[in-house]
Amino acid sequence: MTRIIALTNNKGGVAKTTSTLNIASGLKNHGKRVLMIDLDSQASLTISLGVQPEQFKNNSIVQVLEETLDITQTILKLNNGLYLIASNMYLKETNNKIANKHFKEFILKKQIDKIKDNFDYILLDCPPSINNLTINGLMASNEVFIPIASEYLALTGAGQLIDEINELREGNNDLKITGLFVTRYDGRRNLDSQVYEVLKEQYNDLVFNTIINTNVAVAEAPSHQKDIFTYAPNSQGAIDYENLVKEILKMEVKK
Ligand SMILES: Nc1ncnc2c1ncn2[C@@H]1O[C@H](COP(=O)(O)OP(=O)(O)OP(=O)(O)O)[C@@H](O)[C@H]1O
Ligand SMILES: [Mg+2]
């Protein structure tokens, strides 16, 4: 069964986009067919992959959600072997445009159902708020990953977010939060190890063992339109994301 995973956190800058890109690349390196969907009008994922949002503004996630194109017409095959449905700034308007539609939460699900069998993994990069776009992402997914930046107050936010996602499960019984992982970890700060420990204590099995360290190569890679494995294969960032990907692959066996 295709794993459809939304990377969500209403907090900004926690590495949703960075993790979507690097997890997708890591899975692809393990032979998986992976589609990424950019659900953020900032289009950071699209840009990080070297795709110009303007160039694809007429066959993007906007047309999928506004139901003016079939999803098959919006899937871009990238040179690196990954697949992408691009975003652009007009997606912000889409969020409002679909607000009064009946069943607006399920537009993306309906479309993804048509193509999901072509992929092993579909990763959705959500915006930093729970808006109509994120809810569409969550209704279309069967799993949620929550990246948590290692910082003070990260944990209070996490509790609320988990409660909110659990409420949304009313609209999608298949949806499960399957993974929390700590990003932007700095071992020199005492606080950072506390964030991980407290998360483990509260959510134990839901927390990935892998911690993504703060690593300059991870931040640099997108400006070279590369994932961490091609940009800096020996970096700590590549090691961390590879370990995370291995944990994600191991979950397949349990399923
Ligand atoms: N492991 C890391 N080491 C260093 N910098 C990182 C790491 N992970 C992410 N960053 C940097 O942190 C910033 C935020 O990352 P990213 O854009 O992936 O977060 P996001 O959750 O998608 O943000 P938004 O909420 O705006 O969509 C970026 O500048 C990114 O390069
Ligand atoms: Mg982002």
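The structure reproduced in this document is the subject of the present report. (Residues numbered from 1 in each chain as written. Chains lettered and ligands numbered in written order. Predicted model: local features only at pLDDT ≥ 70, side-chain atom pairs only at ≥ 80, totals over all residues.)

### Describing the overall build of the protein
How we decide: Starting at the N terminus, helices and strands are each numbered in turn, a helix being any DSSP run of H or I of at least four residues and a strand any DSSP run of E of at least two. As a reference, a globule follows 2.2 Å times the number of residues to the power 0.38, and the radius of gyration itself is taken over C-alpha atoms. Here exposure depends only on C-beta density: within 10 Å of a residue's C-beta, 20 or more other C-beta atoms make it buried, 12 or fewer make it exposed, and intermediate numbers make it partly exposed, the C-beta atoms being placed from the backbone. By the criterion used throughout, residues are in contact when their C-beta atoms, derived from the backbone, lie within 7 Å.
Each helix and strand in the protein was counted, giving 11 helices and seven strands. For 255 residues, the compact-globule estimate of 2.2 N^0.38 gives 18 Å, and the C-alpha radius of gyration of the protein, at 17 Å, lies within 12% of that figure. Along the three orthogonal principal directions, the C-alpha set of the protein runs to about 50 × 40 × 35 Å. By residue count, 46% of the 255 residues in the protein fall in the buried class. For the protein, long-range pairs separated by at least 24 residues make up 77% of all intrachain contacts whose partners lie at least 6 apart in sequence.

### Points about helix 8 (residues 190-203)
Threshold: How far a helix is expected to stretch is found by multiplying one less than its residue total by 1.5 Å. An arc is given here, and it is the one of the directions from the helix axis to the C-beta atoms.
The end-to-end C-alpha distance of helix 8, which contains 14 residues, comes to 20 Å, matching closely the 20 Å that a straight helix rising 1.5 Å per residue would cover. Among the residues of helix 8, those classed as buried are D192, V195 and L199. Projected onto a plane normal to the axis of helix 8, the buried residues spread over an arc of 55° and lie on a single side. Exposed and oriented more than 90 degrees from the buried face of helix 8 are N190, E197 and E201. Residues of helix 8 that are buried sit in contact with strand 6 (143-149), helix 7 (154-168) and strand 7 (176-183).

### Remarks on the environment of T20
Note that T20 resides in helix 1 (residues 16-29). On a C-alpha basis, the gap between T20 and L7 in space is 7.0 Å, while along the polypeptide they are 13 residues apart.

### What to know about the site of ligand 1
Threshold: Being near a molecule or strand means, for a residue, that its backbone-placed C-beta atom lies within 6 Å of it. Note on residue classes: Ala, Val, Leu, Ile, Met, Phe, Trp, Tyr, Cys and Pro are nonpolar, Asp, Glu, Lys and Arg are charged, and everything else, Gly too, is polar.
Looking at ligand 1, there are 18 residues lining it, with G12, K16, T17, T18 and P128 nearest. Where the shell around ligand 1 is concerned, the elements lending two or more residues are helix 1 and helix 9 (216-220). Sorting elements by how many residues they give to the shell around ligand 1 places helix 1 first, with three residues. Grouping the constituent residues of the shell around ligand 1 by class yields six nonpolar, nine polar and three charged.

### Things to note about the nonpolar core
This is how it is decided: To define a nonpolar core, we join buried Ala, Val, Leu, Ile, Met, Phe, Trp, Tyr and Cys residues through C-beta atoms within 7 Å and take the resulting set.
By size, the foremost hydrophobic cluster in this structure holds 69 residues, and its most contacted members are M36, I61, L123, L124 and I148. Leaving out residues up to four positions away in the same chain, I148 has contacts with N9, V14, A154, A158, L180, F181, V182, T183 and L199.

### Things to note about helix 7
With 15 residues, helix 7 extends 21 Å between its outermost C-alpha atoms, agreeing within 8% with the 21 Å of an ideal straight helix rising 1.5 Å per residue. Buried within helix 7 are the following residues: A154, A158, L161 and I165. Taken around the axis of helix 7, the buried residues stretch over an arc of 70°, which confines them to a single face. Away from the buried face of helix 7 by more than 90 degrees, exposed residues T156, G159, Q160, D163 and E167 are located.

All we've got here are geometric facts, nothing functional implied.
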